[in-house]
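# Survey of secondary and tertiary structure
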Amino acid sequence: MERRYFFGLAALILFISLLSVAIPYSAAAWDRSSLYTIFNRNSPAAMEFNSTGIPLTKISIYTTGNYRNVYLNVSEETGISGTANTNIAFFSVSLDKEPYFVNQTDVNFRISRDYILQNNLRPDSIYLAKYRDSWIGIRTLHVSDDDNYAYYSAQTDRSHLYAIAGKQYEIG
């Protein structure tokens, strides 16, 4: 078991090293970490965000089994080449255990209605994308609106580097 953990950790370190060469980025503007003493496959570990300066509202991680003492880190990433559309935010979700024990990751976020209007974005075009050699769009649902924000939700597999992006209205 320890040997398998060592090789999984070594593969993750190699992946992160290669990612840092392929995608230049600078220090995170916001960073949030939590230690979960137990990750239970029957209920997700969730990290909620209440700050208006962070587009994320909640990250939920579902695992393939039961695990102990897992650190979950969510960080804003800056200086990244983005998708072909208007990029709203970049962030990473990482765990200190093998990446293959994650079964599903739910990402919930909100975008201010003022930002959508000021950047001429179509609210129904805003989506989450993950990076794997290139940006891959993830099916994203526009779940609700209030006076200040449009709310979105997406499901993906493991932890990744993510972008929140949207398409502008065509003018003319």
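In short, a report on the structure. (Residues numbered from 1 in each chain as written. Predicted model: local features only at pLDDT ≥ 70, side-chain atom pairs only at ≥ 80, totals over all residues. Heavy atoms only, no water.)

Moving on, we come to the overall build of the protein. Each helix and strand in the protein was counted, giving 2 helices and 11 strands. Long-range pairs, those at least 24 residues apart, make up 71% of the contacts in the protein with a sequence separation of at least 6. Carbon together with sulfur atoms contributes 49% to the accessible area of the protein, which is approximately 9,900 Å² in total. (Helix = DSSP H or I, 4+ residues; strand = E, 2+ residues; numbered from the N terminus. Contact = heavy atoms within 4.5 Å. Areas by Shrake-Rupley, 256 points an atom, 1.4 Å probe, with all protein chains shown as cover.)

Following the sequence through the fold, Thr-156 ends up in strand β10 (residues 149-156). On the basis of relative accessible area, Thr-156 is assigned to the buried category, the value being 8%. Side-chain polar atoms of Thr-156 contact the side chain of Asp-157, separated by 3.3 Å. Beyond its immediate chain neighbours, meaning those up to four positions away, Thr-156 contacts Gln-104, Thr-105, Lys-130, Ile-138 and Tyr-162. (Buried < 20%, exposed > 50% of the residue type's maximum accessible area, 1.4 Å probe, protein only. Polar contact = N/O pair within 3.5 Å; in protein donor to acceptor, adjacent residues only side chain to side chain.)

Moving on, we get to the nonpolar core. With 31 residues, the main nonpolar core has Leu-56, Ile-59, Phe-91, Phe-109 and Leu-128 as its most contacted residues. Counting residues in hydrophobic clusters, the runner-up holds 9 residues, among them Tyr-127, Tyr-131, Leu-161 and Ala-165. (Core = buried A, V, L, I, M, F, W, Y, C linked by side-chain atoms within 4.5 Å.)

What follows covers the packing of aromatic side chains. Scanning the model with the defined rule gives 5 aromatic pairs in all. Here the aromatic rings of Phe-109 and Tyr-152 are separated by 5.3 Å at their centres, their planes lie at 15°, and the arrangement is stacked. With Phe-109 in strand β6 (residues 102-112) and Tyr-152 in strand β10, this pair connects stretches of sequence that are 43 residues apart. Between Tyr-131 and Trp-135, the aromatic rings sit 5.2 Å apart at their centres with planes inclined by 75°, giving edge-to-face as the arrangement. Comparing Tyr-131 with Trp-135, the two get one shared label, buried. (Phe/Tyr/Trp six-rings, centres within 6.5 Å; stacked < 30°, edge-to-face > 60°.)

We now examine the pattern of salt bridges. Between side chains of opposite charge, a pair can form when the charged atoms approach closely. This model, assessed by the stated rule, comprises 4 salt bridges. The closest approach of N and O atoms between Arg-113 and Asp-145, which form a salt bridge, is 3.0 Å. Linking Arg-113 in helix α2 (residues 113-118) with Asp-145 in strand β9 (residues 140-145), this pair joins segments that are 32 residues apart in sequence. Arg-113 sits in the partly exposed class, given a relative accessible area of 32%. On the basis of relative accessible area, Asp-145 is assigned to the partly exposed category, the value being 41%. Here Asp-157 and Arg-132 are joined by a salt bridge, their closest N and O atoms 2.8 Å apart. (Salt bridge = Lys/Arg side-chain N within 4 Å of Asp/Glu carboxyl O.)

Its place among the elements puts Thr-57 in strand β3 (residues 56-63). Setting aside residues no more than four positions away along its own chain, Thr-57 makes contact with Met-47, Glu-48, Phe-49, Asn-108, Phe-109 and Arg-110.

A separate point is the pairing of strand β11 (residues 161-166). With 6 of 6 residues buried, β11 is to be regarded as a mostly interior element. Covered by surrounding structure in β11 are Leu-161, Ala-163 and Ala-165 together with Tyr-162, Ile-164 and Gly-166, the residues of both alternating faces. Pairing geometry for strand β5 (residues 86-95) and β11, over 6 bridges, is antiparallel. Pairing of Phe-90 across the sheet is with Ala-163, part of β11. (Pairing = 2+ DSSP bridges.)

What follows covers the sheet that holds β10. Overall, antiparallel pairing links the 5 strands, which are arranged β2-β3-β6-β10-β9 in an open sheet. Either end of the sheet is taken by a strand with one partner, and the two such strands are β2 (45-48) and β9. Ignoring which end each strand starts from, the neighbouring axes of this sheet average 15° apart. (Axes fitted to C-alpha atoms, helices over the stretch in contact; angles between N-to-C directions.)

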